[in-house]
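Now for the letters of each chain:
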Amino acid sequence: NSNISPGTAALYDTGYIIEDKNGSLTTIIEDNIASLDNWEAGTNSAISLNADGNILAAATGGTGAVKFKTDVVTLETDTKYIAQIGIAGGTDTSVVLRMDDEEIGGVKYCNGYSDVRSGTNADPIHLGVRFTSDSTNTGFYMYVGNIDDGSTVIVSSFKLYKITSGNYGVAV
């Protein structure tokens, strides 16, 4: 079992999210980036919509990030979820996916580092994590960070699912 729980910070996990064919997921939010309403720039960052309708996040003057806003989703307590961000390219060689379902000060690390340069509109990289919400959660926070100064990341989608039934997990 490679579940990432709110009680375990700095836990790196790799592999592919797999599904129980007898199980089911409930879509909480699916953002295909029609606007920047659900997103914000991190420190040392600028975000905009590019010509393809994706988020272009650029680090300027230091390490940057693009963040899914904390007030968009409220999670149910002690519930299993799967979150996934689609990356359609960029110039950075090593970004990190980070998430927290309670407070920004308690960041959880998910799926380690990824080179975004191979992502395209037709074949984006998907960074994802399965986690169990905290019993005292107040919202949901997730970002692609560690964008090197002068580099970019292109975000094409964000999806959050509640695991309604079944055994969804990560194969390592």
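Residues numbered from 1 in each chain as written. Predicted model: local features only at pLDDT ≥ 70, side-chain atom pairs only at ≥ 80, totals over all residues. Heavy atoms only, no water.

### So, the overall build of the protein chain
- Scanning the protein chain for helices and strands turns up 0 helices and 13 strands.
- Listing every helix and strand of the protein chain by position from the N terminus yields β-β-β-β-β-β-β-β-β-β-β-β-β.
- Classification of the 172 residues of the protein chain by burial places 51% in the buried group.
- A separation threshold of at least 6 residues defines the contact pool for the protein chain, and within that pool the share at least 24 residues apart is 78%. (Helix = DSSP H or I, 4+ residues; strand = E, 2+ residues; numbered from the N terminus. Buried < 20%, exposed > 50% of the residue type's maximum accessible area, 1.4 Å probe, protein only. Contact = heavy atoms within 4.5 Å.)

### Describing the confidence of the model for the protein chain
- With 76% of its residues at a pLDDT of at least 70, the protein chain reaches an overall mean of 80.
- Confidence drops under pLDDT 50 across residues 1-14; counting only partners more than four residues distant or on other chains, this segment forms 39 contacts. (pLDDT = per-residue confidence, 0-100.)

### Side note on the pattern of salt bridges
- The final tally for this structure, using the stated rule, is 3 salt bridges.
- For Lys159, the salt bridge goes to Glu30, with nearest N and O atoms at 3.8 Å. Here the residue Lys159 occupies a position in strand S12 (residues 152-165), and Glu30 occupies one in strand S2 (residues 24-31), the gap between them amounting to 129 residues.
- Overall, the relative accessible area of 43% leaves Glu30 in the partly exposed class.
- For Lys162, the salt bridge goes to Glu76, with nearest N and O atoms at 3.0 Å. Of this pair, Lys162 sits in strand S12 while Glu76 sits in the loop between strand S6 (64-68) and strand S7 (80-90); the two residues are 86 residues apart in sequence, bridging distant segments of the chain.
- Glu76 sits in the partly exposed class, given a relative accessible area of 43%. (Salt bridge = Lys/Arg side-chain N within 4 Å of Asp/Glu carboxyl O.)

### What to know about the nonpolar core
- Formed by 31 residues in total, the largest nonpolar core has its most connected members in Trp39, Phe140, Phe158 and Leu160.
- Of all the secondary structure elements, the ones that give two or more residues to this core are strand S5 (55-59), S6, S7, strand S8 (95-100), strand S10 (125-132), strand S11 (141-147) and S12.
- Not counting chain neighbours up to four residues away, the residues in contact with Phe158 comprise Ile29, Glu30, Asp31, Trp39, Phe68, Ala83, Gln84, Ile85, Phe140 and Met142. (Core = buried A, V, L, I, M, F, W, Y, C linked by side-chain atoms within 4.5 Å.)

### Regarding the packing of aromatic side chains
- Counted by the stated rule, this structure contains 3 aromatic pairs.
- With a centroid separation of 6.2 Å and 85° between ring planes, the pair formed by Trp39 and Phe158 is classed as edge-to-face. Placement of the pair is Trp39 in strand S3 (residues 39-41) and Phe158 in strand S12, with a sequence separation of 119 residues.
- The class of Trp39 is buried, set by a relative accessible area of 3%.
- By way of ring pairs, the aromatic residues Trp39, Phe68 and Phe158 are connected into one cluster.
- Taking the ring centre of Tyr143 as reference, the NZ or CZ of Lys67 above it sits at 5.9 Å. (Phe/Tyr/Trp six-rings, centres within 6.5 Å; stacked < 30°, edge-to-face > 60°. Lys NZ or Arg CZ within 6 Å of the ring centre and 35° of its normal.)

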